[in-house]
Amino acid sequence: MKIIVFATIVCFLPAINSGAQTLASINGKVIEATSEEPIKGVSLKISALNFFAETNLNGEFNIENIPTGLHTLQIQYDGYVTQEFPVNILEHKPYNLGDIFLQKTTVEKYETSLIVLTDEDLSDEEGKTSDYIAGLFQSSKDAYLQAAAFNFSQAWFKVRGYDSSYGTIAINGIEMNKIYDGRPQWSDWGGLNDAFRNQEFSNGIAASDFTFGGILGATNFSTRASDYQAVKKVSLSSTNKSYTGRAMATYASGWNKNNWAFVFSGSRRMAQEGYIEGTSYNAWSGILAVEKKLTNNHSINFTAFATPNKRGKSSPNTKEVYDLKGYEYNAYWGNQEGEKRNSRIKEIFEPVIMLTHFYERENTNIKSSLAYQFGHIGNSRLGYFNAPNPDPTYWKYLPSNFLRFPDNPDYANAYLTEQEFLKNGQLKWNELYQANADNGNSLYYLYEDRVDDSQFSVNSMINTKFTDNLNFNGGFSIKDLSSKNYANMLDLLGGNGFVDLDQYALGDARQNDLNNPDRTAVEDDKFQYNYTINALVASAFAQLQGTQRNFDYFVGLNVKITNYQREGLFKNGTYFENSFGKGEKQNFMDFGIKAGATYKITGRHLLTFNGAYTTNAPTIKTAFSNSRVNNSITPDLTSEKIITGDISYVFRAPKIQSRLSAYYTKFSDAIETSFFFAEGLLGNQADFVNEIITGVDKKNMGVELSFEHQILPTVKLVAAGSVGQFTYSNNPKLYLISESFSNSNSNFGTAYLKNYHLSGTPQRAYNVGFEYRDPAYWFFQINANYLSNNYLDISPLLRTNNFYLDSDGVPFLDDETWVEVTQEQVNNLLKQEKFDAAFLVNAVGGKSWKINEYYLGFFMGINNILGELFKTGGFEQSRKSNYPELKEDKQLEKPIFGPKYWYGGKTSYYLNLYVRF
């Protein structure tokens, strides 16, 4: 009301024309209306004069050299209602607008993207993961980052090629990245879109107020109850993605007369079957936040949220399988008593409880949080013992098996197999039950790889203003994790029990637990493996941010201590010497330094520079060579080193905003692991192995473009693009860990990976968009996207000397020329596959109405309007691990062990209807 009254008075001030034109300045501070916190990066424009400014880290702005007269100041920030103020400059002196409050907009423009971020998290048992991190950038107003979040993400695009573990996700300052692999578990807060709208964001290695952050950036979600605008809201959604329907309700009270604030939000998402066959979806989500203001300087906030969810997984498949069954085929399900039953179910239930204290004075804010997260993650799958493989896509059940001998193809059985697969190419649950009934004990069983985590976290941050131009941020955090890992028997499938033995070993080595030999496992028993990982991570950071007339800067430091220890609860028969009891504690000391500067050539032209050097401790996943069965540590274990930098030119005008950036990142001493079955090891051996490559160096470099042109007040054109090159930059060491190898044979020497492309993301992406936003509160946007240079994930084992050397150390002979295989022949056989480019057209639009005190609205998004079929990821199989075997397989019309792929979804939609009151 204060601003409205002020604007009204200004409108009626008489205009005074001076004899000689003088210049003045306009300054003020922009504040979020609900939380009363300053907002950084708000755009301020005087269009008629082509003047432009942006608020600093304290929400303050200053526009200089304004001529006298009546002008219109436009204040704009993404996600908030745009405001325009008439300002009458009367004389040559500073003109102070005071505090300006921004209210959040009522049109919920981009909720469609949140589905992708929380639910499309596919992975497979062979250690390949379709991981991307567009979600970090959902709140940014930069056109490029918006394109990455809302358009490129459907092709698994990764900004700058970075894995999600390089970005920090926090809730109330508590880091949510998993210690196991460094990645955030988005499903832990999935379905709580309304409750997680309040957030702080920093891009890349730029300064962050709440953490040192990773090289991908940092996002902090705030669940402080008083930050929420008082609202009651109900929404219903329909989609044809991983789930088909969602219902959500949200209530926020704002401060009441007793200085309490309450927030509740809950949702239900469900699908009998998603886009992929047999992928059911069942998720509940709920959050409660309560804040009590104790004094003018102190308040305390309690938050609790839980998001129990279960979903069916989908299988990656070879080209032969897709050609036979189509691109929606999923090998993981089969009919049981008339219902589709998926053998691969991912279940997540990890509730979080948080208590946060706020201390706020004029120049100093301190926020401290204590959190406890507990619960479990389970990934189910079928197991079998001395019985045929139940996988319907097992190579012996496909037509290619009968055509693998070119000189003597069995066309009859190939045809019969093809027809059987076309008709009954799913899991045969009834046959599995019958086999168990005939045998007594279970030959087939359903189990889950189970992780029960309990983690205590504490975090405290201080933000203090030394002077008007110098801020200090600092803090510390501690995470204490106890992680229980075991195989959990879910269903004996009609059998009486399962004898806990390793079918591939002999003698005492068959025993999975020598302390309980020949034990029969029943449902809910722990079997196969059982161990605990205890981890402690403590870190502290400090950062200075300074603002000058033509120069802004920051510098930050970070120190982190990490330790892990495994305790085996089973005494494995093969690794009886080092599987039971506590292993040696692993300790790491890491640090990071980053700095950046912005040089303001003029108010419109800016140059920014950022640089960082950091080290990262190995994760639990990479620190242990095979944690399921022993305490052994990964060879050559050390922290990863990262050096990175970027430079940007930013152009800001009332109608045009643009950014051109160039970046370079060098990763050193990284570790990569995977599990698979391989043939042709050391000449002729075959085994299930854990592959570890150490000392991996990678290089990511490229350029980014962001461009927005406000042609008319209602019409905007956007363009964004990224051209990158992400490659291995050295030849690391490769180790295979297996029961069949002695320690001397586990080192497979050098993996020749240099100059191969990194996989998992398009390395080039382009976007052109058109947006119309009508004053009557409706909008429409359409985007065309072109994504290319996406590559198949290569097998490091195939790039070792083992690939072309026989067991006697002599190169294999080519079966056509009977001379030694040449390097050129090897290179041709191992040429990395480059996927076809994808052209994707997306559209989104919405409308809102205000009826009395009610806001009604809808929006709808349509992705891949043209129905483009495109590969999003894939990997080489390592089964044929030497030259003769791989060449023989690739020469087949239908390779048996060809690459496995994932494909992007067909045309999809998301419709949301909501009412706010």
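Provided above is the structure to which this section pertains.
A brief structural summary. (Residues numbered from 1 in each chain as written. Predicted model: local features only at pLDDT ≥ 70, side-chain atom pairs only at ≥ 80, totals over all residues. Heavy atoms only, no water.)

Here we come to the sheet that holds strand 4 (residues 60–67). In spatial order, the strands read 4-1-7; together these 3 strands make up an open sheet with mixed pairing. Either end of the sheet is taken by a strand with one partner, and the two such strands are strand 4 and strand 7 (94–102). Sheet twist, expressed as the average angle between the axes of neighbouring strands with direction ignored, equals 20°. As paired elements, strand 1 (residues 23–32) and strand 4 share 6 bridges and run antiparallel to each other. Of the residues in strand 4, the one forming a bridge with A24 is I66. (Pairing = 2+ DSSP bridges. Helix = DSSP H or I, 4+ residues; strand = E, 2+ residues; numbered from the N terminus. Axes fitted to C-alpha atoms, helices over the stretch in contact; angles between N-to-C directions.)

Let us now look at the pairing of strand 5 (residues 69–76). In this structure, strand 2 (residues 43–46) lies alongside strand 5, joined through 3 bridges in antiparallel fashion. Along strand 5, the bridge assignment pairs L44 with I75. With 7 bridges connecting them, strand 5 and strand 6 (residues 83–89) associate as antiparallel partners. The residue bridging Q74 from the neighbouring strand is E84, located in strand 6.

Attention now goes to the sheet that holds strand 12 (residues 199–203). Whether parallel or antiparallel, the strands of a sheet pair through hydrogen bonds between backbone atoms. Taken together, the 4 strands give an open sheet; going across it, the order is 11-10-13-12, and neighbouring strands pair in mixed fashion. With one partner strand each, in any of the chains shown, strand 11 (174–175) and strand 12 form the two edges of the open sheet. In terms of strand pairing, strand 10 (residues 167–171) meets strand 13 (residues 217–221) through 5 bridges, oriented parallel. Within the sheet, the bridge partner assigned to G167 lies in strand 13 and is G217.

To continue, consider unusual backbone geometry. The phi dihedral of E337 is positive, around 55°, even though this residue is not glycine. With respect to the element layout, E337 can be found in the loop between strand 21 (333–336) and strand 22 (339–342). The class for E337 is exposed, based on a relative accessible area of 78%. The phi dihedral of N789 is positive, around 60°, even though this residue is not glycine. For N789, the position within the fold is in the loop between strand 42 (778–788) and helix 8 (823–829). (Buried < 20%, exposed > 50% of the residue type's maximum accessible area, 1.4 Å probe, protein only.)

For the rest of this paragraph, the subject is the pattern of salt bridges. Applying the stated criterion to the full structure yields 32 salt bridges. Bridged by salt links that share partners, the residues D142, R160, D646, R659 and E704 form one connected network. (Salt bridge = Lys/Arg side-chain N within 4 Å of Asp/Glu carboxyl O.)

A word on the packing of aromatic side chains. Counting across every chain of the model gives 41 aromatic pairs. Between F385 and F498, the ring centres sit 5.8 Å apart and the planes meet at 80°, which makes this aromatic pair edge-to-face. Taken together, the residues span a long stretch of sequence, with F385 in the loop between strand 25 (364–384) and helix 5 (411–424) and F498 in strand 28 (residues 498–499) at a distance of 113 residues. Among the residues examined, F498 registers a relative accessible area of 2% and is labelled buried. Measuring from ring centre to ring centre gives 6.1 Å for Y564 and F588, while their planes differ by 55°; the resulting arrangement is tilted. Here Y564, found in strand 31 (residues 551–568), pairs with F588, found in strand 33 (residues 586–600); they are 24 residues apart in sequence, far enough to count as distant. Since its relative accessible area comes to 3%, Y564 is described here as buried. Given a relative accessible area of 9%, F588 falls into the buried group. Here the aromatic cluster, defined as three or more aromatic residues joined through ring pairs, consists of W186, W189, F196, F221 and F305. The cationic tip of K698 hangs over the ring face of F667; the distance from NZ or CZ to the ring centre is 5.6 Å. (Phe/Tyr/Trp six-rings, centres within 6.5 Å; stacked < 30°, edge-to-face > 60°. Lys NZ or Arg CZ within 6 Å of the ring centre and 35° of its normal.)

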